[in-house]
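Overview (structure and organization)
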Amino acid sequence: MTLKEKIRLKSTTAAIKGALKILPKISDERWLSIVRGRMYKLKKQEERDFMENLLVNLKRKVADVSPQAREKIIMNLVNNAMIQGQPKRAAFAKKYGINPPNHLVISPTMICDLKCFGCYAWQYSKKNDLPYDVCNRIIDEANAIGIYFFVITGGEPFMWEHLYDFLERHNDSFFQIYTNGQHIDEEVAKKLAKLGNAVPCISLEGFKDATDARRGEGAWDRIMNAYDVLRKHGVIYGFSITATSKNNELIVSDEFIDMLIEKGVFVGWYFNYIPIGKEPDMDLMPTPEQRDYRRKRILEIRKTKHMVVADFWNDGNLVNGCMAGGKNYLHINVNGDVEPCVFVHFAADNIKEKSLEEIITSPFFMAFRKRQPYSDNLLRPCTIIDNPQMLRDIVAEGGAHPTHEGAETILTTLAKPLDDYAAAWKCRADKAWEEEYDHYTESGQRVAG
């Protein structure tokens, strides 16, 4: 890194620290002028629009959070992850010819007190946690290559005995925690407010009836109480929803989104049901028509609601297709197996035996990289349900193995129904891609769709 670049980064940090003191009072335009151009280099207008919408909503939201949360959100998530990490990321890219992922997902424990039908993680071993020293090494190695944003999932993270020590030890990084919300009470909210560097995203299925039907009686009431105490103590928080054929329309309805906004929810993540884990069921997958309906509603919600929402199967246009295989992220499961995706339960390497750099640049992960995006249509990003033959080829080429009993069914017994689904979605997605989306040249030049 040149002296000029070092000075620029130092001045940026100083500017952000200065802005932090008066952040709720400065204009959206002034805030964007501080961080714009110093973020990830985004070619597409849609990507820039999404990132600026996120940053503006984040600025507005931090007016209502604890002082510690305000500082960590801006300094860790914006300054460290989006700006200060860039020289390290550039050095990695120069060394290996590829960019490192921008975040990692870690499952340190698979212990959970719920038994939700269709749980993608159900088949993992629940006997042992990922060793704590390994968890710490993962973060340290990630920081060294410019990664400061992490997702903690499981299992239920709030049942992991090391959670709070872990967050405190890595207080220059930022964490998003996927949780069932059943353990978040007044004391937990106080701890999170004091730490400041974690955003819990609570899983629900819709309103009370749908949530309790999958998660058990009383789950909804405990989630609503969790939202209340998190807001009371100044923690920023979100939601996580698995879209199925049963709840697809409800979870993107104005009524549902307005309820969450009233509860103070800042961010929401949508996941398409994938037939992996506990009793895989193709009938639970939203139909192509339902998936397309959800895609359109997500775009409307972004334009009309004060909430940041993303759909991991319908937002391929924002991340240039599939995110897996280390391109944008990877998943380290409780056994240390490094999977390309939370839903692709195959691995060729284990983090206990190799460094993070070795795994990111491994033949298995490079097999994903060289094929991405798998289609010119970025509305068909997924190897599991959109390009299933691609996943079969990559697993074979990379010499990967299933990471739990039954994981292989998406390549074997479910191959034909997944092929049929992919073909049906292709017809609908291709029409939408041509008619509704802008396209870009390699240089980023915009070509209207």
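So, here is what we can say about the structure in this document.

Parameters and conventions
Residues numbered from 1 in each chain as written. Predicted model: local features only at pLDDT ≥ 70, side-chain atom pairs only at ≥ 80, totals over all residues. Heavy atoms only, no water. Helix = DSSP H or I, 4+ residues; strand = E, 2+ residues; numbered from the N terminus. Buried < 20%, exposed > 50% of the residue type's maximum accessible area, 1.4 Å probe, protein only. Contact = heavy atoms within 4.5 Å. Phe/Tyr/Trp six-rings, centres within 6.5 Å; stacked < 30°, edge-to-face > 60°. Lys NZ or Arg CZ within 6 Å of the ring centre and 35° of its normal. Pairing = 2+ DSSP bridges. Right-handed = clockwise from strand over helix to strand, strands pointing away. Salt bridge = Lys/Arg side-chain N within 4 Å of Asp/Glu carboxyl O. Axes fitted to C-alpha atoms, helices over the stretch in contact; angles between N-to-C directions. Parallel < 35°, antiparallel > 145°, perpendicular 65-115°, else oblique. Nonpolar A, V, L, I, M, F, W, Y, C, P; charged D, E, K, R; others polar.

1. Quick word on unusual backbone geometry
- In this chain, Gly154 is followed by Gly155 through a cis amide linkage whose omega measures 20°.
- Within the secondary structure, Gly155 is located in the loop between β2 (149-152) and α7 (163-169).
- For the bond from Gln372 to Pro373, the omega torsion is -10°, close enough to zero to count as cis.
- Located in the positive-phi region is Asn320, a residue other than glycine, with phi close to 55°.
- By the secondary structure assignment, Asn320 is in the loop between α13 (316-319) and β8 (331-332).

2. Focus on the side chain of Thr244
- For Thr244, the location among the structural elements is in the loop between β5 (238-243) and α11 (254-262).
- A residue is classified by how much of its surface remains accessible, and Thr244, at 10% relative accessible area, is buried.
- Excluding residues within four positions of it along the chain, Thr244 makes contact with Tyr273, Leu284 and Pro286.

3. Some thoughts on the packing of aromatic side chains
- In the structure shown here, the tally under the stated rule is 21 aromatic pairs.
- Relative to Tyr437, the ring of Trp433 has its centre 5.4 Å away and its plane inclined at 25°; by these criteria the two rings are stacked. Both residues of the pair, Trp433 and Tyr437, belong to the buried class.
- Members of the aromatic cluster, joined through ring pairs, are Tyr120, Tyr178, Trp269, Phe271, Phe312, Trp313 and Phe343.
- Seen from the ring of Phe117, Arg214 lies directly overhead, with NZ or CZ sitting 5.5 Å from the centre.
- The aromatic ring of Trp122 is capped on one face by Lys278, whose charged end is 4.3 Å from the ring centroid.

4. Topic: the pairing of strand β3 (residues 174-179)
- Burial analysis of β3 places six of its six residues in the buried class, the great majority of the element.
- Covered by surrounding structure in β3 are Phe174, Gln176 and Tyr178 together with Phe175, Ile177 and Thr179, the residues of both alternating faces.
- Here β2 runs beside β3; their pairing, made up of four bridges, is parallel. Paired with Phe149 across the two strands is Phe174, which belongs to β3.
- Taken together, β2, α7 and β3 form a β-α-β motif whose crossover is right-handed.
- In the sheet, β3 pairs with strand β4 (residues 198-203) via five bridges, with the strands oriented parallel.

5. Brief notes about the pattern of salt bridges
- The tally for this structure, following the rule as stated, stands at 30 salt bridges.
- Between Asp386 and Arg291 there is a salt bridge; the shortest N-O distance is 2.8 Å. Note that Asp386 is positioned in the loop between α15 (363-369) and α16 (388-398) and Arg291 in helix α12 (residues 288-304), a separation of 95 residues in sequence. Take Asp386 and Arg291: they sit in the same class, and that class is buried.
- One salt bridge in this structure joins Asp430 and Arg380, with 3.4 Å as the shortest N-O distance. Here Asp430, found in helix α17 (residues 415-436), pairs with Arg380, found in the loop between α15 and α16; they are 50 residues apart in sequence, far enough to count as distant.
- Take Arg380: its relative accessible area is 10%, and that puts it in the buried class.
- What you see here is one network of salt bridges that share partners, running through Glu289, Asp292, Arg295, Lys296, Arg428 and Glu436.

6. Quick look at the packing of helix α9 (residues 208-215) against helix α10 (residues 219-232)
- Here α9 crosses α10 at 115°, and the two axes come no closer than 8 Å. By the criterion of interaxial angle, the relationship of α9 to α10 is roughly perpendicular. Every residue of α10 that contacts α9 at Lys208, Thr211, Asp212 and Arg215 is listed here: Ala219, Trp220, Asp221 and Ile223.
- For the contact of α9 with α10, the class distribution of residues is three nonpolar, one polar and four charged.

The analysis is restricted to geometry; functional conclusions fall outside its scope.
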